[in-house]
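# Geometric and topological summary
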Amino acid sequence: MSTPYDCERCPGYCCSYPVIVVTKRDVERIARHFGITPDEAMRKCCRKAHGYKRIMKRKDDEHFGRICAMFDTDERNCTIYKARPATCRDYPGDRCGYWDFLAFERDGQEDEDYISTTWHAED
């Protein structure tokens, strides 16, 4: 069964979320991915913020302002996809609101590569 969205054609909107929670198990998986210790993985990828012990570090991004530090801003994809946190593995579920919006905009603008940075999901 196919999904009603295409992550490979998205500029990584979900990766721009300010809080991407990382579990202890996620840190261990990321550490194995890089061949480093969990403590080194914590220093490389995570920080404390927003009341959480571990969230993904962020970096500057031309489209969304800030994005996950493990996101390749040139290729527009995750550099640790196979080791990504559980939060990322579970997202977006059955539907992606940003993809729905982006597909609508791309169709309306007749531009398959259009990237919108103004969409915000309703709470």
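Residues numbered from 1 in each chain as written. Predicted model: local features only at pLDDT ≥ 70, side-chain atom pairs only at ≥ 80, totals over all residues. Heavy atoms only, no water.

### Quick notes on the side chain of Arg58
The test is simple: For the purposes of this entry, the term helix denotes a DSSP run of H or I that reaches at least four residues, the term strand denotes a run of E that reaches at least two, and both are numbered from the N terminus. The buried label goes to any residue with under 20% of its type's maximum accessible area, the exposed label to any with over 50%, and the partly exposed label to all in between, with areas taken from a 1.4 Å probe on protein chains only. Asp and Glu count as negative and Lys and Arg as positive, but His and the ends of the chain are not part of the count. Whenever Lys or Arg places a side-chain nitrogen within 4 Å of a carboxyl oxygen from Asp or Glu, that contact is recorded as a salt bridge. For the purposes of these results, a polar contact is taken to be a pair of N or O atoms within 3.5 Å, where, inside protein, one atom must be able to donate a hydrogen and its partner to accept one; residues adjacent in sequence count only when each atom of the pair is a side-chain atom. Only heavy atoms matter for contacts: two residues are in contact if any of them lie within 4.5 Å across the pair.
Relative to the elements of secondary structure, Arg58 occurs in strand 3 (residues 58-61). Summary of buried charges: Arg58 has no salt-bridge partner, and the nearest side chain of opposite charge, Asp60, is 8.1 Å away. Here the side chain of Arg58 touches Tyr17 through a polar contact of 3.0 Å, landing on its backbone oxygen. In contact with Arg58, other than residues within four places in its own chain, are Ser16, Tyr17, Pro18, Arg47, Arg66, Ile67, Cys68 and Ala69.

### Remarks on the packing of helix 1 (residues 24-34) against helix 2 (residues 38-45)
Think of two packed helices as two axes; the pair is described by the angle between the axes and how far apart they sit. This is how the line gets drawn: A fitted line through C-alpha atoms represents every axis, and for helices the fit uses only the stretch in contact; the resulting angles, taken between N-to-C directions, go from 0 to 180 degrees. An angle below 35 degrees is treated as roughly parallel, one above 145 as roughly antiparallel, one from 65 to 115 as roughly perpendicular, and anything else as oblique.
Here helix 1 crosses helix 2 at 95 degrees, and the two axes come no closer than 8 Å. The angle between helix 1 and helix 2 falls in the class roughly perpendicular. Counted together, Val27, Glu28, Ile30, Ala31 and Phe34 of helix 1 and Pro38, Ala41, Met42, Lys44 and Cys45 of helix 2 form the full contact between these two elements.

### Considerations on the pattern of salt bridges
In this structure the tally under the stated criterion is four salt bridges. A salt bridge links Arg29 to Asp26, with the shortest nitrogen-to-oxygen separation between them at 2.4 Å. Here Arg29 pairs with Asp26, and both are found in helix 1, just three residues apart, close to one helical turn. We classify Asp26 as buried; its relative accessible area is 1%. Asp60 is paired through a salt bridge with Arg66; the nearest N and O atoms lie 2.8 Å apart. Note on Asp60: relative accessible area 58%, which makes it exposed. The class of Arg66 is partly exposed, set by a relative accessible area of 35%.

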